[in-house]
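So you can see what is in the structure, the chains are spelled out below.
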Amino acid sequence: MPTTASGPVKRLPREHCDRQVHTGASATTGMDIARSLRAEARRANERRLLVLAGDPDRTRERARAALDAADIPSAETTVVGPEPFLDCEHHEQSRAEELLGRTRTAVVLDAHEELRPDAVGRTVGAVDGGGLYVLLAPPLDRWPEERDGFDASLAVPPFRVEDVTGHFRQRFVETLRAHRGIAIVDANTDTIEQDGLTDPPPSRPVPAPTPPADSWFRSETYAQCLTGDQRDGVRAFETLRDDGAAVVVEADRGRGKSSAAGLAAGNLALEGRDVLVTAPQYRSAGEVFTRAARLLETLGVDFTRDQASEPQRLDVAGAGCVRYAPPAEGATLPDEPDVVIVDEAAALPVRRLEQFLDAPAVAFTTTVHGYEGAGRGFSVRFRDRLAESDHTITDVSMTTPIRYSSADPVEVWVFRALLLDARPPVDQLIAEATPETVEYRRLSAADLLADEHLLREVFGLLVLAHYRTEPSDLARLLDAPNLTVRALTHGGHVVAVTLLAQEGGLSADTRATMYEGGRVRGNMLPDVLSTQLRDEAAGVPVGQRVLRIATHAAVRSRGLGSKLLSEIEREFAERVDWLGVGYGATPELVRFWAHNGYRTVHLATSRNATSGEYSVVMLDPCSDDGAALAARHGEWFQDRIAAVLSDPLDDCDPDVIRAVLRATDSEPSTSLSEWEWRLVAGVPGGASVLDTNPKPFRELTRRHLSDPADPAALSTQEERLLVRKVLQARPWSAVTEELAFVSERECMRTLGGIVERLTRLYGDRWVQEELDRHQ
């Protein structure tokens, strides 16, 4: 049994094939294997994987010969790796995204200097049916023990690359040896470990889908559909001609959903609609514009592009247009589009997706299991919000691959190797879970590697915790020395899980680098507190940051998340100085963390470009050093928050501000001068006005929202008014409209009444006498 630094590793079971080893003069050559794999792949319209393991020069030489033997032209080949050893297209692994949305007959992934899991996902998806995916690697038996460039990225301070384990590559090698359609050749000895041949039946021609008889889109549209699934997807988009329609298209990678969206966008623009397309990056939506333009050309329609390459706007003469905007801009619905198409919706957070529901008609296309990673926020959480909206929803699921057969063994392998289809346990297995029935478990990487079902449940739940999870996250989970997994299980099944990252405990040199603006990986909280808030000592205390936390959807709102956090505090309280978290702030999340003892120390002054939220940093101190860190940053936060709310944070959700201030732990003071108190006391009776000097009113508001003497003194609506007008200095007209006051006069009168109540709560007797004088 193979071993790693953490002990023996359970070998994954083989799937449908026996290991074939050929040695000596009678061995089939690697070139013959490549030729046979290619012939079989073409006959079945499937892909095959050829692994060439050995010294770098030998594997590269064998790769060149293998591609020649397989008769694959260099123009149809891409090398992804450190050097362009073939006369063909070349990219570094860090640029593997260049292949997204493209089709190649062969892709060679050179993994000698590093193996980036994200690069595997992105490059596999580019290989067409009948093509070869060629992997160059060190000798497989020793590969897990070697440390490469990707491993170095996991060695965040204070850890070193020697502390990184090889669990991910051990499992990766096991999947190569266990799955069908994968040939493994020892390039050093020309030994064939397994030939990868599966003897599949020839592929059957896929009949062209029948166009619908009563389509609203042009008939030529459906002639461009390659599968019945794609036809049904395009058909669903026809509903977008009506306001109030919503379309959801879910599919695995390579099923043609973006092409379907493009065909629909072209038709909608032809009929005069203004179609806004958004996606996490333009390249995700590029196929939408390609297919829309191709359809318009087929129809002989006069249209213009804003640029020849990668157009972001298509204008149809005398009709509508198709235009692109990034998510942050697109969510504002610029120029009031008629239709919005959100491509790769699973890569966007729920709060961002909700903003698109204000469009007259909207479509969401989402990848269920993306080769380059996906998120489940859409399918698990956003679908509920969509169902609660006023939209009439049309759902389409596209399952038939377009570029290769549905029996393709390489797709089966990559899903297993990268856990693209990892799922939490089914609802029935954990439906009765409560805080009293669960077991707290400390899961090591070796535990996860030895139990495939446990690993799938843990990773499946972690995917739910984030709007974007990539294959590299699996490698971090298994190999990163700073990460720790803790879970709650019910009957052996995972119901809640958290991923913790050790941070802090940094050397003086590292802290100085960070303080001077240098990049230090893997220490998010010390980095923010040191660089942005100028506290070089913030990197001294050691903490555990909650990187992700998730509770199974079937057992939410039962206190399991809080139970998990309390167990973590019990375990780590005597070993670290603080527990912390940083996340995109929503009122619900801030209240959850505050309920579990975490206190606000920072609120970012710019929105995250993807999530659209302002991030909040919260700490739960565990030692005197941790308490000192939290105390000084809590005080600094109180000192600066009033100033930033009226400038960079003037558009922050008032309920977020209320929750963030309520979650502070420092003693808020009301240090108003005598003159300032007199100014405040004069407002309710009309003797003075807020605009004369907003500062004392901000101090009084901050004092009450942080630590109210009487929590019932103000209603939620009255606190929102304080935030919008006093702290964020919004115009009276805007505040009146947003908070639905009858008039600005009523809004002003309400604020005067609020000031009177706060003055009586926090002012001395003489201040109240001054207040009464003006009544």
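Computed from a predicted model, the values in this text were never measured in an experiment. (Residues numbered from 1 in each chain as written. Predicted model: local features only at pLDDT ≥ 70, side-chain atom pairs only at ≥ 80, totals over all residues. Heavy atoms only, no water.)

**Some words on the overall build of the chain**
Stated formally: Each helix corresponds to a stretch of at least 4 residues labelled H or I by DSSP, and each strand to a stretch of at least 2 residues labelled E; elements are numbered beginning at the N terminus. C-alpha atoms define the radius of gyration in this analysis, and the globule rule sets the expected value at 2.2 Å times the number of residues to the power 0.38. Three labels apply to residues, based on accessible area from a 1.4 Å probe with only protein chains included: buried if under 20% of the type maximum, exposed if over 50%, partly exposed otherwise in between. In this analysis, two residues are considered to be in contact whenever any of their non-hydrogen atoms come within 4.5 Å of each other. The protein chains shown are the only cover counted for residues, whose accessible areas, like all others here, come from Shrake-Rupley with a 1.4 Å probe.
When helices and strands are counted, the chain shows 29 helices and 24 strands. In terms of C-alpha radius of gyration, the chain reaches 30 Å, essentially the compact-globule figure of 28 Å for 775 residues. By its C-alpha atoms, the chain is 105 × 70 × 50 Å across when sized along the principal axes. The proportion of buried residues among the 775 residues of the chain is 57%. In the chain, once contacts between residues fewer than 6 apart in sequence are set aside, the share between residues at least 24 apart is 71%. Approximately 30900 Å² of the chain is accessible, and the part contributed by carbon and sulfur atoms is 45%.

**Some details on the sheet that holds strand 22 (residues 578-584)**
Paired through backbone hydrogen bonds, the strands of a sheet run either parallel or antiparallel to each other. Let me state the cut-off plainly: Only when DSSP finds a minimum of two bridges between them are two strands counted as paired. To obtain each axis, a line is fitted to C-alpha atoms, and for helices this fit is confined to the stretch in contact; angles are then taken between N-to-C directions over 0 to 180 degrees.
Reading across from one edge, 18-19-20-21-22-24-23 is the order of the 7 strands in this open sheet, with mixed pairing throughout. Edge positions in the sheet fall to strand 18 (439-443) and strand 23 (599-607), since each has one partner strand and no second. Neighbour-to-neighbour, the strand axes of the sheet open up by a mean angle of 25°, direction not taken into account. Here 3 bridges tie strand 21 (residues 542-551) to strand 22, and the two strands are oriented parallel to one another. Bridge pairing in strand 22 links Arg 545 to Gly 580. Sitting on the sheet, helix 22 (residues 624-645) is in contact with strand 22, strand 23 and strand 24 (614-621), with an inclination near 45° to strand 23.

**Examining the packing of aromatic side chains**
What counts here: Here the aromatic set is Phe, Tyr and Trp, taking the six-membered ring for Trp, and pairing holds for ring centres within 6.5 Å; pairs whose planes are under 30 degrees apart are stacked, those over 60 apart are edge-to-face, and all others are tilted. We count a charge as sitting over a ring when the NZ of a lysine or the CZ of an arginine lies within 6 Å of the ring centre and within 35 degrees of the ring normal.
As enumerated under the stated definition, the model contains 10 aromatic pairs in all. What links up through ring pairs into an aromatic cluster is the set Trp 143, Phe 168, Phe 172 and Trp 413. Note that Arg 534 overlies the ring of Tyr 515, its terminal NZ or CZ placed 3.8 Å from the centroid.

**A few points about the confidence of the model for the chain**
Put simply, the rule is: The predictor's confidence in any single residue is recorded as pLDDT, a number from 0 to 100.
Overall, the predicted model of the chain reaches an average pLDDT of 90, with 93% of residues at or above 70. Here residues 1-28 scores under 50 on pLDDT; set against residues more than four positions off or in separate chains, the count is 62 contacts.

**What to know about the nonpolar core**
Worth spelling out the cut-off: By nonpolar core we mean a set of buried residues, namely Ala, Val, Leu, Ile, Met, Phe, Trp, Tyr and Cys, connected to one another through side-chain atoms within 4.5 Å.
Core analysis: the biggest nonpolar cluster contains 63 residues, and Val 120, Phe 172 and Trp 413 have the highest contact counts within it. Top element by residues in this core is helix 16 (residues 452-464). It accounts for 8 residues. Once you skip the residues sitting within four places of it in the chain, Trp 413 turns out to touch Leu 49, Val 120, Val 124, Phe 172, Thr 175, Leu 176, His 179 and Ile 182. By size, the runner-up hydrophobic cluster in this structure holds 43 residues, among which are Ala 264, Leu 268, Val 301 and Met 398.

**Some details on the pattern of salt bridges**
As a reminder, the rule being used: Only one rule defines a salt bridge in this text: a Lys or Arg side-chain nitrogen within 4 Å of an Asp or Glu carboxyl oxygen.
All chains considered together, the criterion is met by 63 salt bridges. Between Arg 313 and Asp 315 there is a salt bridge whose closest N-O contact spans 2.8 Å. Relative accessible area serves as the criterion here: at 27%, Asp 315 is assigned to the partly exposed category. If you follow the salt bridges from partner to partner, you end up with Asp 655, Arg 658, Arg 662, Glu 719 and Arg 720 in one network.

**A closer look at unusual backbone geometry**
Following Pro 157, the chain continues into Pro 158 via a peptide bond in cis, with omega recorded as 10°. Structurally, Pro 158 can be placed in the loop between helix 4 (149-154) and helix 5 (167-178). Phi is positive for Ala 729, close to 55°, though the residue is something other than glycine. Mapped onto the elements, Ala 729 comes out in the loop between helix 26 (716-727) and helix 27 (732-738).

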